[in-house]
Amino acid sequence: MNAEFSLERRAALHAALADPARLAITDALCTGDASPSELGERLGMRSNLIAHHLRVLAEAGLTTRTRSEADHRRVYIRLLPEAFGALVPTSLLRAPRVVFVCTRNSARSQLAAALWRHRSPVPAVSAGTRPGERVHEGAVAVAHRHGLHLKAENTAHVQDVLRQDDLVVAVCDSAHEELPRTRARLHWSVPDPVRAGTEAAFDDAFSQISDRVERLAPAVHPEGTP
């Protein structure tokens, strides 16, 4: 029974990806989340076609959607973890540095930069669109539980950090929606653990960010490397 289910599951996944438009959508979602309108704009597809293809991908168990914590009218599409093994991005990104951005620079962006430094030779820093005074104690605690060190006092404003050639990764909906559209970036729709303030919320955010870092890091190479 389990083998039959596995074959059916794999067949549904391959059938969903057999269409070039749906494969383009999954390629776009491999390294970041996007709203349906953002996908349509990026891929040059009409809204009715995007809606159709997203429905097929969701029914195949490849994607899910979450509502924006900032603008509740907006939804973001993300790949589901079980699909990641078959959907590793084939294209490489080249950047001298990665900058992880959230609103307060007090939790998600700090954790992302710390995880990245343990996974990739490409340097990483973090910043906020409206930085707080210090790193949240919940972020410091979850980092320590996983063997990472965060300094509670280090926060920075995105305008003081960004360079022209940085690869920018917005790790929250608010930062993604606040940053200028003229600036290319990736987006990870990670819920804000500070809102809940619980150990479980910080553990969940850490897990989501860790998974995203593991997928993106192999695709980002330093400039000047083959």
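Before reading on, note that the structure itself is shown above.
None of these values were measured; they are calculated from a predicted model.

### Here's the deal with the packing of helix H2 (residues 20-29) against helix H4 (residues 47-59)
At a minimum axis separation of 10 Å, H2 and H4 run at an interaxial angle of 75 degrees. Classified by the interaxial angle, the pair formed by H2 and H4 is roughly perpendicular. Note on element contacts: H4 touches H2 through Ile50, His52, His53, Leu54, Val56 and Leu57, opposite Ala21, Arg22, Ile25 and Thr26. Looking at the contact of H2 with H4, its residues break down into 6 nonpolar, 3 polar and 1 charged.

### Quick look at H4
The periodicity of an α-helix, 3.6 residues per turn, causes residues three or four positions apart to be oriented the same way. An ideal rise of 1.5 Å per residue puts 18 Å on 13 residues; H4 measures up with 18 Å between its terminal C-alpha atoms. Where H4 is concerned, the buried positions are Ile50, His53, Leu54 and Leu57. The buried residues of H4 occupy one face: seen down the axis, they fall within an arc of 100 degrees. Backbone geometry just after H4 places Gly61 at a positive phi near 80 degrees.

### Some points on the packing of aromatic side chains
Applying the stated rule across the entire model yields 2 aromatic pairs. Ring centres of Phe100 and Trp188 lie 5.7 Å apart, and the angle between their planes is 45 degrees; this geometry places the pair in the tilted category. Within this pair, whereas Phe100 is found in strand S4 (residues 98-102), its partner Trp188 is found in the loop between strand S7 (186-187) and helix H9 (193-196), the two being separated by 88 residues in sequence. Among the residues examined, Phe100 registers a relative accessible area of 0% and is labelled buried. Given the relative accessible area of 1%, Trp188 is considered buried.

So, how was this worked out
- Every chain is numbered on its own, with residues counted from 1 as its sequence reads.
- Thresholds applied to this predicted model are a pLDDT of at least 70 for local features of residues and 80 or more for the giving and counting of side-chain atom pairs; totals over whole chains, interfaces and linings are not thresholded and use all residues.
- Where side-chain values are given, they derive from all heavy atoms of the structure, hydrogens and water being excluded.
- For helices, the fitted axis covers only the stretch in contact; all axes are lines through C-alpha atoms, and the angles between them, taken along N-to-C directions, range from 0 to 180 degrees.
- Helix numbers and strand numbers start at the N terminus; a helix is a DSSP run of H or I with at least 4 residues, a strand a run of E with at least 2.
- For this classification, under 35 degrees means roughly parallel, over 145 means roughly antiparallel, 65 to 115 means roughly perpendicular, and everything else is oblique.
- Whether two residues are in contact is decided by their heavy atoms: any pair within 4.5 Å suffices.
- Side-chain classes are defined by residue name, with Ala, Val, Leu, Ile, Met, Phe, Trp, Tyr, Cys and Pro counting as nonpolar, Asp, Glu, Lys and Arg as charged, and the others, Gly among them, as polar.
- Here a helix's expected span is defined as the number of its residues, less one, multiplied by 1.5 Å.
- Using a 1.4 Å probe on the protein chains alone, a residue whose accessible area is under 20% of its type maximum counts as buried, one over 50% counts as exposed, and one in between counts as partly exposed.
- The directions considered for the arc run from the helix axis to the C-beta atoms.
- Between 30 and 60 degrees the pair is tilted, below 30 it is stacked and above 60 it is edge-to-face, where a pair is any two Phe, Tyr or Trp rings, Trp via its six-membered ring, whose centres lie within 6.5 Å.

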